[in-house]
Amino acid sequence: MLKNCFDLCGTWTMFYAENRNVKKIKEDITTTADAKRLIYSAVEGTVPGNFELDLHKAGLIGDPYFGMNTLEMQKLENLHLWYCRTFTFHGTADENTFLRFEGIDTVAEIYLNGKLLQKVSNMFLTYEIPVPVLIDGENDLVVHILPATIAVREYALPVSTNAQKYNYESLYIRKAASMYGWDIMPRIVSAGIWRPVSLIQKKTDRIDDVFIYPIRANEHHATLSVFYNLTIDKDFLHDFSIRVKGVCGDSTFAGEREILHTSQRIDVYVDNPKLWWPKNAGDANLYDVTVELLYCGQVVDTKTLRTGIRTVELSRTSTTDKDGKGDFCFIINGKRVFAMGTNWVPMDAFHSNDVNRIQPAIDMAVDLGCNIIRLWGGNVYENQKFFDLCDEHGIMVWQDFGMGCAAYPQERKFLDMIAPEIEFVIKQCRNHPSLVMWAGDNECDQAFSWAGTRRDPNISNIVTRKLIPDLLRIHDFTRPYLPSSPYMDEYAYATQAPISEDHLWGPRDYFKGDYYKNTVCHFASETGYHGCPSPKSLEKFMTKETLWPIFDENGIPGKEWLVHAACMRADMSDPYSYRIGLMANQVKTLFGEMPDNLDDFALMSQISQAEAKKYFIERFRITRGRRNGIIWWNLVDGWPQISDAIVDYNYCKKLAYHYIKRSQQPVVLAFDEPETDTAMTLYGVNDTTKDVTVSYRVRNITDGTVVAKASATLSAEKSNRLLTIDIEKDEKKFYVMEWEYSDGETVIRGRNHFHTNLINVDYKAYKTAMEAADMLEIEGF
């Protein structure tokens, strides 16, 4: 598609000035010379980058993530930025020459050689901008980025909108909502050229877009439709043709046809296709596809991509009940799949760094046995590297569109603002087999009933009930669409009955309490529990003297603890100030006391988190069939904080990481909660596609006895009831389950544990038992 591509990333000059001073300047700054003459503050600017990182590198501000410095970032929200650079171009610019900005955050004016090329206002879009003023020789490029918090004031919010305390100003600007402050992210309303920039020259005759999707597919035969859009410069099309080839091992397909129009499709047929499957359900087979545009039999342009052949459906009922009369289950290639994985939150508060954190995060998701990731709606949209990795590893992707926890404007100007973004994201991602569902937003259905006024989102939310589904019907009708998560359709809203898919947060009290134990949803797409980072991790982002004690004599957390719990003010008036006390209460619930030192507190908190998430996952897996998936919150922090993540910002794993890894083994043995005071049942859950025979034993670590030793065949894709063992009333004992089986090539061994009556536990006894079982994998202590 490209004839030439000139990389414009690297070092630019970044000028900056406060809005009040810019208002005094009576002329536009359209060139580097103007910026030098009128703006006195400048540093080296990195592209891709964020301006705060450049100021920190220049020694003008402290580490944004350390101590109280995060709050200081709020003082930078009124800055205008001018990113300036010159570049040399040799050649002739034509209508196929463009400046390509893959991400500008957010409201900006782009000038080339003193002429305004375009105004932009969407962080999520890639802009390809014609350059009629490009010259042969040295060119001067200036990107003026306006302060988002001030630029958005031109949009008066209608009374129908609703948002969290700090997020109203995020509603009328297409920028990651979490940047304005969230319970998991700091308020850093950053700006910058956050993704790559290049000057590109496209071929005059080219393939612009290809979408490959299955019309039908099974293990014997598949029919694929290849839809393409072309740009052809010549008057007539009869000498052009299109050719498609796909290869996956020994499986191939091919097709060719003449071009009758620049938008057209070609159907290709695949015998005995290698289907793409999620992890545990089969192999994640991918085809290397080449699409060629030919003129008089000669190739003039080529587009390559990797895709998979699979079908996807969502079996969903509106509501459910305690008897399980309902459903929410992904069906891949006609087979019901149990989903278990993580919510994906911002990789970094400075989004130019996201790309550097994708690979390590995906590596951990694979190590944990995840087969699904939910891309949460308060984030940016991830780049293609993320989807490529999920394709390769058989990880299903649930993609929220970029809205969260708010009732967004429903006016025409907002619809016009967001529609190009929705179309862009659909087209960018739709070839990935890992992408199994679009979702309209995160928790916006609920937001329509905040502030004491209950409104039906099916009537009130035009964006998710009309605009997005219309665009999906036009550009991608091949995947299920959920208007919100959780979704309240007309029936659920009217009856207020329990819904089939839900976010299980509730009181966040005892994790085996009534709320969590008695949930009736079939699919939990959010659920989490706090875990304190390790002491060595805390020392990396908090001053040492503030680490202990956490609370003062009045029970108020220290200011740095509050700041790193995502408070935008370091006092108890902040809506997220409860989070440190919540974590401490969870420790007291499990162990009956608070320790007198940081090391014990951090480990007790990590045990609490680990046992909670272990319970959530195993509860859903044991009841597989009644329940069909759980997406826990969350894998890794996007900044140094105290949170529900199981890996902190510096990649130090909390104890929960290791518990979850055991709970998410494809074949796992797990005890359900005791049915009576004197008995509990062991289950063998087999998520693989074949029956397996396991040899297992159950040891009571507390008294050193072997309470069970046997073999059993575990039916494929089922939870299998194995045996019931006797226990003592109110006992607090530690059991270890060990097993092995063969997958036909390798002997696989697994381990798991269970603690009876897990409340008011003796901390030292618990720790001793875990150490004896060699299961206390702790880091950073």
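Residues numbered from 1 in each chain as written. Predicted model: local features only at pLDDT ≥ 70, side-chain atom pairs only at ≥ 80, totals over all residues. Heavy atoms only, no water.

Before going further, it helps to examine the overall build of the protein chain. Secondary structure assignment for the protein chain yields 19 helices and 39 strands. For a compact globule of 781 residues, the expected C-alpha radius of gyration is about 28 Å, and the protein chain comes in at 28 Å, within 12% of that figure. Oriented by its inertia axes, the alpha-carbon framework of the protein chain measures out at about 85 × 70 × 50 Å. Excluding contacts between residues fewer than 6 apart, the proportion of contacts in the protein chain whose partners are at least 24 apart in sequence is 71%. As displayed, the protein chain offers around 29400 Å² of accessible surface, 48% of which is attributable to carbon and sulfur atoms. For the protein chain, the distance from the average site of its 85 positive side-chain charges to the average site of its 106 negative ones is 1 Å. (Helix = DSSP H or I, 4+ residues; strand = E, 2+ residues; numbered from the N terminus. Rg over C-alpha atoms; globule rule 2.2 N^0.38 Å. Contact = heavy atoms within 4.5 Å. Areas by Shrake-Rupley, 256 points an atom, 1.4 Å probe, with all protein chains shown as cover. Lys, Arg positive; Asp, Glu negative; His and termini not counted. Charge placed at Lys NZ, Arg CZ, Asp CG, Glu CD.)

What follows is about the sheet that holds strand β38 (residues 734-742). Spatially, the four strands line up as an open sheet ordered β36-β35-β38-β39, and their pairing is antiparallel. Each edge of the sheet is formed by a strand with only one pairing partner; in this case those strands are β36 (705-714) and β39 (747-755). Across the sheet, the axes of successive neighbouring strands diverge by a mean angle of 15°, strand direction being ignored. Bridging between strand β35 (residues 692-700) and β38 involves six bridges; their strand directions are antiparallel. Within β38, the residue paired with R697 across the bridge is E738. (Pairing = 2+ DSSP bridges. Axes fitted to C-alpha atoms, helices over the stretch in contact; angles between N-to-C directions.)

Below, the discussion takes up a negative patch on the surface. Together, D94, E95, D233 and D235 make up a negatively charged patch on the protein surface. Mapping D235 onto the fold places it in the loop between β15 (221-231) and β16 (240-248). The class for D235 is exposed, based on a relative accessible area of 72%. (Patch = residues over 30% accessible without salt bridge, like charges linked within 9 Å, V, L, I, M, F, W, Y side chains within 5 Å. Salt bridge = Lys/Arg side-chain N within 4 Å of Asp/Glu carboxyl O. Buried < 20%, exposed > 50% of the residue type's maximum accessible area, 1.4 Å probe, protein only.)

A word on the packing of helix α17 (residues 598-622) against helix α19 (residues 763-772). One can describe the packing of α17 onto α19 by two numbers: an axis separation of 12 Å at closest approach and a directional angle of 70°. What the angle tells us is that α17 and α19 run roughly perpendicular. The handedness of the crossing between α17 and α19 is left-handed. Two secondary-structure elements touch here, α17 through D600, L603, M604, I607 and E611 and α19 through Y763, Y766 and K767. Across the contact of α17 with α19, the residue classes tally to five nonpolar, no polar and three charged. (Parallel < 35°, antiparallel > 145°, perpendicular 65-115°, else oblique. Left-handed = near helix turned anticlockwise from the far one by under 90°. Nonpolar A, V, L, I, M, F, W, Y, C, P; charged D, E, K, R; others polar.)

Glancing now at the packing of helix α16 (residues 578-591) against α17. Where α16 contacts α17, the axes come no closer than 9 Å and their chain directions differ by 80°. With respect to α17, the axis of α16 lies roughly perpendicular. Counted together, M583, A584, Q586, V587, L590 and F591 of α16 and F601, M604, S605, I607 and S608 of α17 form the full contact between these two elements. For the contact of α16 with α17, a count of residues per class yields eight nonpolar, three polar and no charged.

Below, the discussion takes up the sheet that holds strand β30 (residues 501-504). The strand order across the open sheet built from eight strands is β29-β28-β26-β25-β24-β32-β31-β30, with neighbouring strands paired in parallel fashion. Among the strands making up the open sheet, the edge pair consists of β29 (481-482) and β30. When strand β24 (residues 339-344) meets strand β25 (residues 372-375), the two strands line up parallel, connected through four bridges. Note on β25: the bridge partner recorded for W344 is L375.

A separate point is the packing of aromatic side chains. Each pair of aromatic rings is reported with the distance of its centres and the angle of its planes. Scanning the entire structure with this criterion turns up 36 aromatic pairs. Grouped by ring-pair contacts, the aromatic residues Y510, F511, Y515, Y516, Y529, Y615 and F616 constitute a single cluster. Above the face of the F620 ring, R627 is positioned so that its terminal group lies 5.4 Å from the ring centre. (Phe/Tyr/Trp six-rings, centres within 6.5 Å; stacked < 30°, edge-to-face > 60°. Lys NZ or Arg CZ within 6 Å of the ring centre and 35° of its normal.)

Attention shifts here to the layout of surface pockets. For the largest pocket, the calculated volume is near 1600 Å³. Taken together, 47 residues form the lining of the largest pocket, with R100, T126, Q384, F424 and Q428 sitting closest to its centre. Of all the secondary-structure elements, those providing two or more residues to the lining of the largest pocket are β1 (2-7), β13 (197-202), β14 (206-217), β20 (298-307), α6 (354-367), α7 (384-393) and α8 (412-429). Here the lining of the largest pocket takes six residues from β20, the largest share from any one element. Split into classes, the residues belonging to the lining of the largest pocket amount to 16 nonpolar, 14 polar and 17 charged. One number sums up the size of the second largest pocket: a volume of about 780 Å³. (1 Å grid on protein atoms, 1.4 Å probe; cavity = no way out; pocket = protein on both sides within 12 Å on 5 of 7 lines; lining within 4 Å. Points joined across faces, edges and corners; volume = space filled by probe spheres on them.)

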